[in-house]
Every structure is written in structure tokens, then in C-alpha cells.
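# Understanding the architecture of this molecule
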Amino acid sequence: MKKSILNGLALLPFTAVPALAQEGGSIDQAVNEAFAIATGPFVSFIFAPIPGTSFPWIVMWLVIAASVFTLYFGFIQIRGFRHSIQLVKGDYSDPEDAGEVSHFQALATALSGTVGLGNIAGVAVAVGIGGPGATFWMILAGLLGMASKFTECTLGVKYRNEYADGTVSGGPMYYLSKGFRERGLPGGKVLAVLFSIFCILGALGGGNMFQANQAHAQISGIVGEFPGWITGLIFAVIVFAVIVGGIKSIANVTEKVVPFMGILYVGTALIILFMNYDKIGWAFGQIFEGAFTGLGVAGGIVGALIQGFKRAAFSNEAGVGSAAIAHSAVKTKEPVTEGLVSLLEPLIDTVIICTMTALVITISGMLIMDPATGNFVLDGSSIKTVGDVSGVALTSAAFAQGFSWFPYVLAIAVILFAFSTMISWSYYGLKAWTYLFGEGKSKEVVFKVIFCVFIVIGAAASLGPVIDFSDAAIFAMAVVNITGLYFLMPIVRKELGSYMERLKSGEIRRFKH
């Protein structure tokens, strides 16, 4: 029965692609309408605002959890930061430990799944609506999110499955089922299955089709319009060549791509900031003043706070549980070590990369201010911009103030971000898939083929409601995951206490490499 389901799922996308090619818009329209009707209530529920506000409850859910974990673990972001750097450098890495990748490779793989369009387009949307003040709240939420990553990634390693061939499987589905059973709590298996379903849907949509669609938009914007399926096919072949080799192959690529794209993007931003060094102090003044006065933006202080918190939550995915899947593959026998390494993820993703984007937009002068009042000029609920641009176009225009050729660099960055996000999310979806259907090479290949076919569909079609649904599925993962983390955080505190004592006593030693 299980085998027939797998075979049916594998064939299903192949029947969809010819239909899309033959009927084009009519199929798109039919899929749009069907998905909108079937999934609309679920999407509306996940992103619904708290009554009487415009603040999505799912963002509050993530921020409250991050605050709780920060206090519960005694500001582990500060206490564990220095040691996390030592771990990434490999100072405490025992080559004999079980696992498949190094601390640095696990961090790079997880970062490749979060660093993406959210850092480019999402920040521009946040600053365009909430003003520079949104950056302050974005940084605060990013710093708090470090504690959520620590909690979930520690549990990911502790409860992972280690197999005879040296491979491992870990993530929320394993710590929810095993951890709840260990503590004598009911419902762990149900939560694990729910998480896996949402993870697969999120992987195929937000982690795949949306990325392919945006990459095609960037490429066609430079070379001119051409069929999306061509972009999709090229991406599918390259992605399959990488993911067919498993997490080791994915990590070998991400450890090279992530630093390159990070240095490319942040380096360009730093050059622009240095060129406008006289405005940096003013820009930070705008950020702090806007955070506590609003500087005339829609919603004032609350508007800036909502946009900042929302962007951080959507960007670094702290509490979603996805990163715990990548971090579970690390070579270690100490779960806390990978929890400490994962602290760096929201720091790099949100505090550094997102802040760079926000600073360049602020300094560029793209946001129109009223010189008489010092407040921003509003166009409806958002700030009026030069050329009336928003999203990725605002980021591109802001960077182009320093370098006219930057739109080409941005296009390369978007393509690299899309590619790296796809290969990471393919691994997340795969581990959720094998949790539901069982381990095995043939089952893995079925999912990888399905994943690559969806790349072609995503690049060729405009499936708005499908993407909305997959985004909602990703944040539904956070509802399930954080519920479990609240019950399992005492286990993490016990692990942390034991590790820190042994580190202090010298029992945990450094290794020479």
C-alpha cells in the first residue's frame, strides 16, 4: 500500500508538466482557484492578526517563545557566543564522532536555507512600511531568536537516529516523538507526523517553487523574456546533481556557496556604507529614533515594531524547526555543541545581512522625507519612495545609488540564494518524507525526483495560492515545533548544565587538526 502511494506521488508531477505546457494559463487559473478555495481558511488562520491589531499572531508566537528561551537559558546568546566560534572553527571536533558533516558545514547548510529573498526583498518591504525604526526591532527579534535555534538544534542532535552506514536522520519529528515518550507525555507521535506533513508542503512550495519563480524573474529581467520551464529545467538538473549525493554533497556545496554569496552581498553593502561614511551616524539615528517615535510612519512605533518583528521571524525561521534537521547531521557526541553553533545563524542572517540591507536603503535617500517636519512622506500605508519602487526593486535601486551595475550583482545573488535555499529545503523535505514513509534509497529518490519536477513547475507557472499555502505550512511547523519545545526545554537545560561543567573541568578537550 505504502509503495503504491509513493509510486502514485512520483508519477503525479509528470502528468502535471505536459498539461501546464499544453494549456498554460487555463491550468494556472484552475489551480489558483482550486487552491484558493481549499486552502484559503488555513492560510488566513496562520497569518491572522491578533484581534484589534495588525500584528500576526504567528509572529507573536515566535517572539514570545524566543523571549522565554532567552530567559530560561540565562541569555545563552551572550554566554555561549565565544565558545560557539571555537566550535565552528573545529577546536573541539573529534574526528571519531558519529555524524556526516562538520559544525561549519551544518551551519552553512542551515544558513543556505534561510539567507535568501527575505534578506533582500523582505527587508525592503519592512523598511518601506515601518521605516528605518523597523530595523531596531528586527535586530532585537534576531538576537532573541538565537535562543530558539539553540533549543531546537540541541534537541535535534540528542534525539537523532544514527544508522550503521554512518548516515543520520534528525529534526523535530524525532525529538517530538522520542522526547515526549522519554518524559512520559502523550501526543508526541501526532505532533511529529503533523510537523512532517507541513515540512514537506513547505519544502515543495516556499523552499522550492517560489525560489525557482523568483530566480526566473531575475534572469528574464536581464536577458529578456523566455519560457520559465527552461530556467526550471536547468535548475532541476543542477539541484538533482547536488542532492542525489545526500547531505554530504549538499554540505560540500553550501560551505562554498554560502560564504561566497554572503561576502558578495555584505561586501558590496560595506563598500557603499564606506562611500557614505558621513551618513552612517545619521542612519543609526534614524533607526533608533524611528524605533521609539515612528518618524511619522503608518502605525507609529507599533507599525515599526510589527514590521521589524515580522521580517526577523520570516527571515531566520527561528522556532520553525527546519534548521534542526540540518544541524542534526553534524559530527558530534555532545548535542549542546550544535545548539551553540546554531546561535550564529540568526546573528548572521538577521542581525548582519538584514541590517546591511536596511542601512543601505536608509542611506541611499530612496525613502522620501519631508524636510519641514523631518518625517517620512506617506503613500497610503507605506513610505513614498523615489520612482515608487518597493520590495526587491527598492533594494536594487538603493544599491544602484552607489554602483550602477549593482542590479546585475543582485541578480546573481538572488539566483545563488534561490539555488542554496532549494538544496537545503530538499534535505528538510526528504527527512520529513523518510520519517513518514521509512528510510531507503528508492524512497529517497522518489522524493528527490518529485522535488526537482516541482522546480520546473514553479519556474513555469504563477501559482499564487499554492505559494501562500506553502508559506503558511512553514509557519504551521512553528506552531507544532514550539509546542514541543516548551515541554522539552528542561532536557536542554540539563544537557547544557552537564556540558558546561565538563567544559570548565577540562573533561571536554580541544583537538589539534
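Structure: see above.
This report concerns the structure included in the present document. All values reported here derive from a predicted model rather than from experimental measurement.

Cut-offs applied
Residues numbered from 1 in each chain as written. Predicted model: local features only at pLDDT ≥ 70, side-chain atom pairs only at ≥ 80, totals over all residues. Heavy atoms only, no water. Helix = DSSP H or I, 4+ residues; strand = E, 2+ residues; numbered from the N terminus. Buried < 20%, exposed > 50% of the residue type's maximum accessible area, 1.4 Å probe, protein only. 1 Å grid on protein atoms, 1.4 Å probe; cavity = no way out; pocket = protein on both sides within 12 Å on 5 of 7 lines; lining within 4 Å. Points joined across faces, edges and corners; volume = space filled by probe spheres on them. Nonpolar A, V, L, I, M, F, W, Y, C, P; charged D, E, K, R; others polar. Core = buried A, V, L, I, M, F, W, Y, C linked by side-chain atoms within 4.5 Å. Contact = heavy atoms within 4.5 Å. Phe/Tyr/Trp six-rings, centres within 6.5 Å; stacked < 30°, edge-to-face > 60°. Axes fitted to C-alpha atoms, helices over the stretch in contact; angles between N-to-C directions. Left-handed = near helix turned anticlockwise from the far one by under 90°. Expected span 1.5 Å × (residues − 1). Bend = angle between axes of the 7 residues up to and from the residue. Salt bridge = Lys/Arg side-chain N within 4 Å of Asp/Glu carboxyl O. Patch = residues over 30% accessible without salt bridge, like charges linked within 9 Å, V, L, I, M, F, W, Y side chains within 5 Å. Areas by Shrake-Rupley, 256 points an atom, 1.4 Å probe, with all protein chains shown as cover. Polar contact = N/O pair within 3.5 Å; in protein donor to acceptor, adjacent residues only side chain to side chain.

Let us now look at unusual backbone geometry. Despite not being glycine, Phe75 shows a phi value in the positive range, around 55°. Take Phe75: it is sitting in the loop between helix 3 (57-72) and helix 4 (76-79). On the accessibility criterion, Phe75 (44% relative accessible area) is partly exposed.

With that settled, consider empty space enclosed by the protein. Scanning the entire structure with this criterion turns up two cavities of 30 Å³ or more. The volume enclosed by the largest cavity comes to roughly 90 Å³. Taken together, Leu62, Val63, Ala66, Ala141, Leu144, Gly145, Phe309, Ala312, Ala313, Asn316 and Ala318 make up the full set of residues lining the largest cavity. For the lining of the largest cavity, the secondary structure elements donating two or more residues are helix 3, helix 8 (133-158) and helix 14 (300-316). If one sorts the elements of the lining of the largest cavity by residue count, helix 14 sits on top with four residues. Across the lining of the largest cavity, the residue classes break down as nine nonpolar, two polar and no charged. Estimates place the volume of the second largest cavity at around 40 Å³. What lines the second largest cavity is Ile243, Gly246, Ile247, Ile250, Ser426, Tyr427, Leu430 and Lys448.

Among the nonpolar cores identified, the biggest contains 150 residues, and Phe150, Val239, Phe451 and Ile455 are the most heavily contacted of them. Those residues in contact with Val239 that sit more than four places away from it in its chain are Phe419, Met422, Ile423, Phe451, Cys452 and Ile455.

Another aspect to go through is the packing of aromatic side chains. Summed over all chains, the structure comprises 20 aromatic pairs. Ring centres of Tyr72 and Phe73 lie 5.1 Å apart, and the angle between their planes is 90°; on these two criteria the pair is classed as edge-to-face. Look at Tyr174 and Tyr435: their rings are 5.1 Å apart centre to centre, the planes differ by 85°, and that puts the pair in the edge-to-face class. Remark: Tyr435 occurs in helix 19 (residues 406-437) and Tyr174 occurs in helix 9 (residues 172-182); sequence separation between them is 261 residues. Owing to a relative accessible area of 4%, Tyr174 belongs among the buried residues under this scheme. Tyr435 gets classed as buried once you look at its relative accessible area, which sits at 14%.

What follows is about the packing of helix 17 (residues 344-364) against helix 18 (residues 392-400). Interaxial distance between helix 17 and helix 18 falls to 9 Å at its minimum, and their mutual angle equals 65°. Remark: the crossing between helix 17 and helix 18 carries left-handed chirality. Each of Thr357, Val360, Ile361 and Ser364 in helix 17 lies in contact with helix 18, whose residues at this interface are Leu394, Thr395, Ala398 and Phe399. For the contact of helix 17 with helix 18, a count of residues per class yields five nonpolar, three polar and no charged.

As a further point, take helix 10 (residues 188-223). End to end, helix 10 covers 50 Å across 36 residues, agreeing with the expected 52 Å (1.5 Å per residue, within 8%). In the structure, helix 10 departs most strongly from a straight axis at Gly202, where the bend amounts to approximately 35°. A positive phi of about 100° marks Gly224, the residue just after helix 10.

Scanning the entire structure with this criterion turns up five salt bridges. The partner of Glu495 in a salt bridge is Lys158, and the shortest N-O contact between them spans 2.8 Å. In this pair, Glu495 is assigned in helix 21 (residues 464-505) and Lys158 in helix 8, connecting sequence segments 337 residues apart. Among the residues examined, Lys158 registers a relative accessible area of 30% and is labelled partly exposed. In this structure, the salt-bridge partner of Glu162 is Arg160, at a minimum N-O distance of 3.1 Å. For Glu162, a relative accessible area of 47% gives the class partly exposed. Classification of Arg160 as buried rests on a relative accessible area of 6%.

On the surface, a nonpolar cluster with roughly 560 Å² of combined accessible area is contributed by Trp229, Ile230, Leu233, Ile234, Val237 and Ile238. One can find Val237 in helix 11 (residues 228-243).

Okay, the environment of Val445 next. Inspection of the secondary structure puts Val445 in helix 20 (residues 441-460). For Val445, a relative accessible area of 39% gives the class partly exposed. On a C-alpha basis, the gap between Val445 and Val244 in space is 7.5 Å, while along the polypeptide they are 201 residues apart.

Turning next to the side chain of Thr357. Tracing the backbone shows Thr357 in helix 17. A residue is classified by how much of its surface remains accessible, and Thr357, at 0% relative accessible area, is buried. A polar side-chain atom of Thr357 sits 2.8 Å from a polar atom in the side chain of Tyr265. Leave out the neighbours within four places in its chain, and Thr357 touches Asn119, Ile120, Val123, Tyr265 and Thr395.

Okay, the environment of Pro172 next. Mapped onto the elements of the fold, Pro172 is located in helix 9. What makes Pro172 buried here is its relative accessible area of 0%. Here the alpha-carbon distance between Pro172 and Ala324, two residues 152 residues apart in the chain, equals 6.9 Å. Once you skip the residues sitting within four places of it in the chain, Pro172 turns out to touch Phe195, Gly321, Ala324, Ile325 and Asn481.

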